[in-house]
Amino acid sequence: MNKLDVSVVVPLYNEEESLPELVAWIDRVMTRERLTYEVIMIDDGSDDGSWEVIERLKKTFDSIRGLRFARNYGKSAALYCGFEAAGGEVVITMDADLQDSPDEIPELRRMILEEGYDLVSGWKRKRYDPIGKRWPSKFFNWTARRASGIVLHDFNCGLKAYRRKVVKAIEVYGEMHRFIPILARKAGFRHIGEKVVEHHARKYGYSKFGLERMVKGYLDLISVMFMSHFGRSPMYFFGGLGTLMFLFGGGTTMWIIAAKIWKQCHGLPLRPVTDQPLFYLAIMAVILGVQLFLAGFLGELINRGSSDRNKYLIDEKL
């Protein structure tokens, strides 16, 4: 099988109405540009007729490939399996709701191949989303920029382009699809760019965005930053912090006891050690220090013994 020019990975959940238009649009663009391509559609446990639509499209377009999850695992799981199946020289991801434009694909591909980017992220500078979605997204992206040091305006944009070796090197799990640029840089791909892309108003269905996604987003940001710095060696974080707390607590306890002995030797008024709040704080610091050190040690054991973290049950495959 000859290597394809482009793989388009489309995760979807209950998007039966938009799929025919999206596939026809992608096909027009690829035919115009004379590119060989595949469209990998990952049905993330839809409970509408999305999979039946994919089966019908497969009969018309040979380029269609489909994966169907037995249940809803989330966008990260869909991207993970799509990346694993992708065979194109350049891999494009886009949402299935027609808000991302396939017309952006040729320029994104050119930036990867000619300008040498490893990853190019879309930036929806003009968005057709309700204000309740735009402003939390702006704040989230500002926080992600400050925390990661990667200057991107829209981490969560679904329209991105990757060099093939990037998607084969990263692991997207949990809700980490928002932080793929951070995961890519962690894997050694530092040439990350950005392109202003056209954004369309939603034509069918409804947005799956909710307040819980913002909460999960910030928790995931903390997780990915921790994993970026200490994922391979959790002992550096937990062991280092535990050692500092143990030394602080132990040193404070010794100082309290030494101060009592010194006062006894000089006949000064004494205060029982057990009446001093600082003594209990010092003991607590010692205990927490030991616990943190043990947490780092256990983290090292788990990290060394873990494998095959991502397992998703694919119900059907085309």
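Residues numbered from 1 in each chain as written. Predicted model: local features only at pLDDT ≥ 70, side-chain atom pairs only at ≥ 80, totals over all residues. Heavy atoms only, no water.

(A) Representation of the overall build of the protein in the model. The number of helices and strands found in the protein is 10 helices and eight strands. For the protein, with 318 residues in total, the buried portion stands at 46%. Intrachain contacts of the protein at a sequence separation of at least 6 include 82% that bridge at least 24 residues. Surface summary for the protein: the accessible area is close to 16800 Å², and the carbon and sulfur share equals 58%. (Helix = DSSP H or I, 4+ residues; strand = E, 2+ residues; numbered from the N terminus. Buried < 20%, exposed > 50% of the residue type's maximum accessible area, 1.4 Å probe, protein only. Contact = heavy atoms within 4.5 Å. Areas by Shrake-Rupley, 256 points an atom, 1.4 Å probe, with all protein chains shown as cover.)

(B) Broad picture of unusual backbone geometry. A positive phi angle is found at N14, which is not glycine, with a value near 55°. Looking at the element boundaries, N14 is found in the loop between β1 (4-12) and α1 (19-33). By relative accessible area, which is 17% here, N14 ends up buried. At L98, a position not held by glycine, the phi torsion is positive, near 70°.

(C) Representation of the nonpolar core. In terms of nonpolar packing, the biggest core is built from 36 residues, with V8, M41 and I92 touching the most fellow members. Elements supplying a minimum of two residues to this core: β1, α1, β2 (37-43), α2 (50-60), β4 (88-93) and α4 (105-114). It is α1 that provides the largest number of residues to this core, a total of seven residues. Those residues in contact with V8, other than ones at most four positions away along the chain, are I26, M30, E38, V39, I40, I92, M94 and I105. Counting residues in hydrophobic clusters, the runner-up holds 33 residues, among them I40, L79, Y80 and L183. (Core = buried A, V, L, I, M, F, W, Y, C linked by side-chain atoms within 4.5 Å.)

(D) How the structure looks around the packing of aromatic side chains. Throughout the structure, instances matching the rule amount to four aromatic pairs. Between F69 and Y73, the ring centres sit 5.1 Å apart and the planes meet at 85°, which makes this aromatic pair edge-to-face. A relative accessible area of 2% places F69 in the buried class. By relative accessible area, Y73 is classed as partly exposed at 21%. Above the plane of the ring of W123 lies R125, whose end atom (NZ or CZ) is 4.9 Å from the centre. (Phe/Tyr/Trp six-rings, centres within 6.5 Å; stacked < 30°, edge-to-face > 60°. Lys NZ or Arg CZ within 6 Å of the ring centre and 35° of its normal.)

(E) Looking closely at the pattern of salt bridges. All told, the structure shown has 10 salt bridges when counted by the stated rule. Where R32 meets E33, a salt bridge forms, and the shortest distance between an N and an O atom there is 3.5 Å. The class of E33 is partly exposed, set by a relative accessible area of 35%. Residue R32 is joined to D103 by a salt bridge in which the shortest nitrogen-to-oxygen separation is 4.0 Å. A residue pair is termed long-range when its members are at least 10 positions apart, and R32 in helix α1 and D103 in the loop between β4 and α4 qualify at 71 residues. Judged by relative accessible area, which is 51%, R32 ranks as exposed. (Salt bridge = Lys/Arg side-chain N within 4 Å of Asp/Glu carboxyl O.)

(F) α2, seen in detail. Every buried residue of α2 is listed here: S50, W51, V53, I54 and L57. Burial along α2 is one-sided: seen end-on, the buried residues are contained in an arc of 155°. Within α2, the exposed residues directed more than 90 degrees away from the buried face are R56 and K59. (Arc of directions from axis to C-beta.)

(G) Structural context of a nonpolar patch on the surface. Together, F246, L247, V290, F293 and L294 give the surface a local cluster of nonpolar side chains, amounting to about 460 Å² of exposed area. Counting only elements with at least two residues in the nonpolar patch, the list comes to α9 (234-265) and α10 (277-305). The greatest single-element share of the nonpolar patch, amounting to three residues, is contributed by α10. Secondary-structure assignment places V290 in helix α10. You can call V290 partly exposed: its relative accessible area is 39%. (Patch = residues over 30% accessible without salt bridge, like charges linked within 9 Å, V, L, I, M, F, W, Y side chains within 5 Å.)

(H) Structural detail: α4. Among all positions of α4, only I105, P106, L108, R109, M111 and I112 are buried. Buried residues along α4 sit against β1, α1, β4, β5 (119-123), β6 (160-163) and β7 (192-196). One or two positions beyond α4, positive phi appears at G116, with a value near 80°.

(I) The packing of α1 against α2, seen in detail. Where α1 contacts α2, the axes come no closer than 10 Å and their chain directions differ by 35°. Crossing of α1 over α2 shows right-handed handedness. Contact residues: L19, P20 and V23 in α1; S50, V53, I54 and L57 in α2. (Axes fitted to C-alpha atoms, helices over the stretch in contact; angles between N-to-C directions. Left-handed = near helix turned anticlockwise from the far one by under 90°.)

(J) Just the environment of D154, in detail. Turning to its location among the elements, D154 is positioned in the loop between α5 (131-148) and β6. Taking the C-alpha atoms as reference points, D154 and W123, 31 residues apart in sequence, are found 5.3 Å from one another. Once residues within four sequence positions are removed from consideration, D154 is found in contact with S121, G122, W123, K124, N141, K160 and E194.

(K) Up close: the environment of E198. With respect to the element layout, E198 can be found in the loop between β7 and α8 (211-230). Classification of E198 as partly exposed rests on a relative accessible area of 41%. Between the C-alpha atoms of E198 and K124, which are 74 residues apart in sequence, the distance is 6.4 Å. If we ignore the near neighbours within four places in the chain, the residues touching E198 are Q99, S101 and E104.

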